[in-house]
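# Coordinate analysis (summary)
One-letter residues, chain by chain:
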Amino acid sequence: WYRFCCHRIFASMELNLNYTPLVGQRKFDESKARFRGYVGGFGSGKTLCGCMESIILSIEYPGNLGVIARKTYPELRDTTMRTFFDVCPPELISSFNKAEHHLKFVNGSEILFRSLDDPEKIKMELGFAYIDEASEVDEESFLMFTGRIRKPNVARRCVFITSNPTTTEHWIYRYWVKHDVLEDYSDYELIQASTLENVHLPQDYIDNLLANYPAGWVDRYVKGKF
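Now for a quick tour of the structure. Sequence order as written defines residue numbering, which begins from 1 separately in each chain. Two thresholds apply to this predicted model, a pLDDT of at least 70 for residue-level local features and 80 or more for giving and counting side-chain atom pairs, whereas whole-chain, interface and lining totals are computed over all residues. As a convention, hydrogens and water are excluded, and side-chain values are obtained from all of the structure's heavy atoms.

There is a patch of like negative charges on the surface, built from Asp117, Asp118, Asp138 and Glu140. Counting from the N terminus, the helices are the DSSP runs of H or I reaching at least four residues and the strands are the DSSP runs of E reaching at least two. Tracing the backbone shows Asp117 in the loop between strand E7 (110–115) and strand E8 (128–132). Residues forming no salt bridge and having over 30% relative accessible area are the ones grouped into patches, like charges within 9 Å of each other and nonpolar side chains (Val, Leu, Ile, Met, Phe, Trp, Tyr) within 5 Å. Each accessible area value is a Shrake-Rupley result obtained with a 1.4 Å probe; residue values ignore everything except the protein chains displayed when judging cover. Salt bridge, as used here: a side-chain nitrogen of Lys or Arg that lies within 4 Å of a carboxyl oxygen of Asp or Glu. Charged residues are defined narrowly, with Lys and Arg counted positive, Asp and Glu counted negative, and His plus the chain ends left uncounted. The atom standing in for a charge is NZ when the residue is Lys, CZ when it is Arg, CG when it is Asp and CD when it is Glu.

Here the focus is the nonpolar core. Among the buried residues, those of types Ala, Val, Leu, Ile, Met, Phe, Trp, Tyr and Cys that are joined through side-chain atoms within 4.5 Å form a nonpolar core. Burial classes follow relative accessibility: with a 1.4 Å probe on protein chains only, a residue under 20% of its type's maximum area counts as buried, one over 50% as exposed, and anything between as partly exposed. The biggest cluster of nonpolar side chains holds 28 residues, and the ones touching the most others in it are Ile55, Ile68, Phe84, Phe105, Ile111, Phe113 and Phe160. Listed by contribution, the elements that provide at least two residues to this core are helix H3 (46–60), helix H4 (73–87), strand E6 (102–105), E7, E8, strand E9 (158–163) and strand E10 (188–193). In terms of residue count, H3 provides more of this core than any other element does, six residues in total. Any two residues having at least one pair of non-hydrogen atoms within 4.5 Å are treated as being in contact. When near neighbours in sequence (up to four residues on either side) are disregarded, Ile68 contacts Ser54, Leu76, Thr80, Phe84, Ile111, Leu112, Phe113, Arg114 and Tyr130.

Val218, Tyr221 and Val222 are the residues of helix H8 (residues 215–222) that are buried. Along the axis of H8, the buried positions cluster into a sector of 100 degrees, meaning they face one direction only. Residues of H8 that are buried in the fold lie against helix H7 (203–212). In the segment just after H8, Gly224 is the residue with positive phi, at about 75 degrees. The arc refers to the directions leading from the helix axis to the C-beta atoms.

Our next topic: the side chain of His170. Along the chain, His170 turns up in the loop between E9 and helix H6 (171–178). A relative accessible area of 16% means that His170 is categorised as buried. Apart from the residues within four sequence positions on either side, His170 is in contact with Ala134, Ser135 and Val137.

As a further point, take the environment of Arg70. Its location among the elements puts Arg70 in strand E4 (residues 65–70). Among the residues examined, Arg70 registers a relative accessible area of 9% and is labelled buried. Measuring from C-alpha to C-alpha, the distance between Arg70 and Arg114 comes to 6.8 Å, with 44 residues separating the pair along the chain. If near-sequence neighbours (up to four positions away) are discounted, Arg70 is found in contact with Glu75, Leu76, Thr79, Thr80, Arg114, Ser115, Leu116, Asp132, Glu133 and Glu136.

This part takes up the sheet that holds E6. At least two DSSP bridges between two strands are needed for those strands to be called paired. Pairing within the open sheet is mixed, and its eight strands lie in the order E5-E6-E7-E4-E8-E9-E3-E10. If you trace the sheet from one side to the other, it starts and ends with strand E5 (93–97) and E10, each paired once. The average undirected angle you get between the axes of adjacent strands in this sheet is 15 degrees. In the sheet, E4 pairs with E8 via four bridges, with the strands oriented parallel. Among the inter-strand pairings, Ala69 is bridged to a residue of E8, identified as Ile131. Interaxial angles span 0 to 180 degrees and are taken between N-to-C directions of axes, which are lines fitted to C-alpha atoms, for helices over the stretch in contact.

Before going further, it helps to spend a moment on unusual backbone geometry. A positive phi angle is found at His101, which is not glycine, with a value near 55 degrees. Along the chain, the position of His101 falls in the loop between E5 and E6. Unusually for a residue other than glycine, Glu133 sits at a positive phi of about 45 degrees. Relative to the assigned elements, Glu133 resides in the loop between E8 and helix H5 (139–146). Taking relative accessible area as the criterion, Glu133 reaches 7% and is therefore assigned buried.

Written as structure tokens, this is what we have:
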């Protein structure tokens, strides 16, 4: 287990977190941008990175309120939430309401796990919002979260996404690469990651992808290119 950034968690203790940041994951964590994107191929650690950042923001700012979201609840439950609870130390959790999908930390921070079938239902003031596999989500959901990031007394309010690469017409590409929607993109940062960079993956898994995917799929789902 990696002893991860104890100065960012508690001043008086270190926490053992089941997380060894890859190069791209560390760049993502160190970014100060208000809007961050982590786009990569299969197995490049996207969901893990987003879940860890959610934990860090919750502990770094006591009383924070964040949302972790995905397009549908089954995907949220089977992938994103599974990863979150695999890596979140249980000693940080005060309670978890399974019916409401509402987690409370020992320092008063809270995380709501939500599907995005109706983003307008999310009306609270947030400190952060994390959208997993944002390629499946419409632009309206992203903009809705952007308008909710206004919780007082949280110095690092932000929206971040993780996703497989999209087409060049998708809103992710337009906001983080093409830059043709807004006038100012100084508060946006994109980190791209390749499946090949994840040293924890079995070599036969990578060899199988390279051998059986067409060139376009290798570029998109292995090399992490739009």
